[in-house]
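So the chains spell out like this:
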Amino acid sequence: MPFELKNRRVLVLGLGASGMSMVRWLAGRGADVRVADSRAAPPFAGQMRAAFPQVKEVFGYFNNHWAGHSPASANEMKQR
């Protein structure tokens, strides 16, 4: 029995070449994709936003001086 991804929330960690490939694959199967990357401007951010505007993202919040606290954008993502 195939694994159903339609409307499932899925988190992709990292938006390099392999992360972008995973976003394409998951979105193509109807998953509710979210992407997180420790870089403020991951290499495929623009391409992802253009091709998949429905994908929710959090970039650059993993190495800040608020370590141990959840940033507002992460809390907002939880609400969606």
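Residues numbered from 1 in each chain as written. Predicted model: local features only at pLDDT ≥ 70, side-chain atom pairs only at ≥ 80, totals over all residues. Heavy atoms only, no water.

K.L.:
Can you help me understand the pattern of salt bridges in this one?
P.N.:
When the charged atoms of two side chains lie near each other, side chains of opposite charge can form a pair. All chains considered together, the criterion is met by five salt bridges. Across the salt bridge formed by R9 and D32, the nearest N and O atoms sit 3.7 Å from each other. Pair noted here: R9 is in strand β1 (residues 9-13) and D32 is in strand β2 (residues 32-37), with a separation of 23 residues, a long-range link. Accessibility expressed as a relative area gives 22% for D32, which makes it partly exposed. With a shortest N-O distance of 2.4 Å, E57 and R49 are connected by a salt bridge. Judged by its relative accessible area of 27%, E57 falls in the partly exposed class. Judged by its relative accessible area of 43%, R49 is partly exposed. The structure contains a network of salt bridges with shared partners spanning R9, D32, R34 and K56. (Salt bridge = Lys/Arg side-chain N within 4 Å of Asp/Glu carboxyl O. Helix = DSSP H or I, 4+ residues; strand = E, 2+ residues; numbered from the N terminus. Buried < 20%, exposed > 50% of the residue type's maximum accessible area, 1.4 Å probe, protein only.)

K.L.:
Just checking my understanding: could you explain the pairing of β1 for this structure?
P.N.:
Looking down a regular strand, the side chains alternate between one sheet face and the other. Alternating positions in β1 separate cleanly, V10 and V12 being buried on one face and R9, L11 and L13 remaining unburied on the opposite face. Both β1 and β2 contribute to a ladder of five bridges, which runs parallel. What sits directly across from V12, in β2, is V35. Taken together, β1, helix α1 (residues 17-28) and β2 form a β-α-β motif whose crossover is right-handed. (Pairing = 2+ DSSP bridges. Right-handed = clockwise from strand over helix to strand, strands pointing away.)

K.L.:
Help me understand the sheet that holds β2, please; the structure alone is not making it clear to me.
P.N.:
Ordered in space as β1-β2-β3, the three strands form an open sheet in which the pairing is parallel. The sheet is open, and its two borders are formed by β1 and β3 (56-59), each paired with just one other strand. Each strand of the sheet is rotated relative to its neighbour by a mean of 15°, with strand direction disregarded. Each of β1 and β2 is contacted by α1, which is oriented at about 165° to β1, the strand it contacts most. (Axes fitted to C-alpha atoms, helices over the stretch in contact; angles between N-to-C directions. Contact = heavy atoms within 4.5 Å.)

K.L.:
Just checking my understanding: could you explain the nonpolar core for this structure?
P.N.:
What tends to happen in soluble globular proteins is that the nonpolar side chains get buried as a cluster. With 16 residues, the main nonpolar core has L15, V23, V33, V35 and M48 as its most contacted residues. Ranked by residue count, the leading element in this core is α1, at four residues. (Core = buried A, V, L, I, M, F, W, Y, C linked by side-chain atoms within 4.5 Å.)

K.L.:
Help me understand unusual backbone geometry in this model?
P.N.:
Both trends apply: most residues other than glycine have a negative phi, and most peptide bonds are in trans. Backbone geometry at N7 places phi at a positive 65°, although glycine is not the residue there. Mapped onto the fold, N7 is located in the segment before β1.

K.L.:
Looking at this structure, I do not really get the environment of V10. What am I missing?
P.N.:
Mapped onto the fold, V10 is located in strand β1. Note on V10: relative accessible area 19%, which makes it buried. Residues V10 and A27, 17 residues apart in the sequence, show an inter-C-alpha distance of 9.6 Å.

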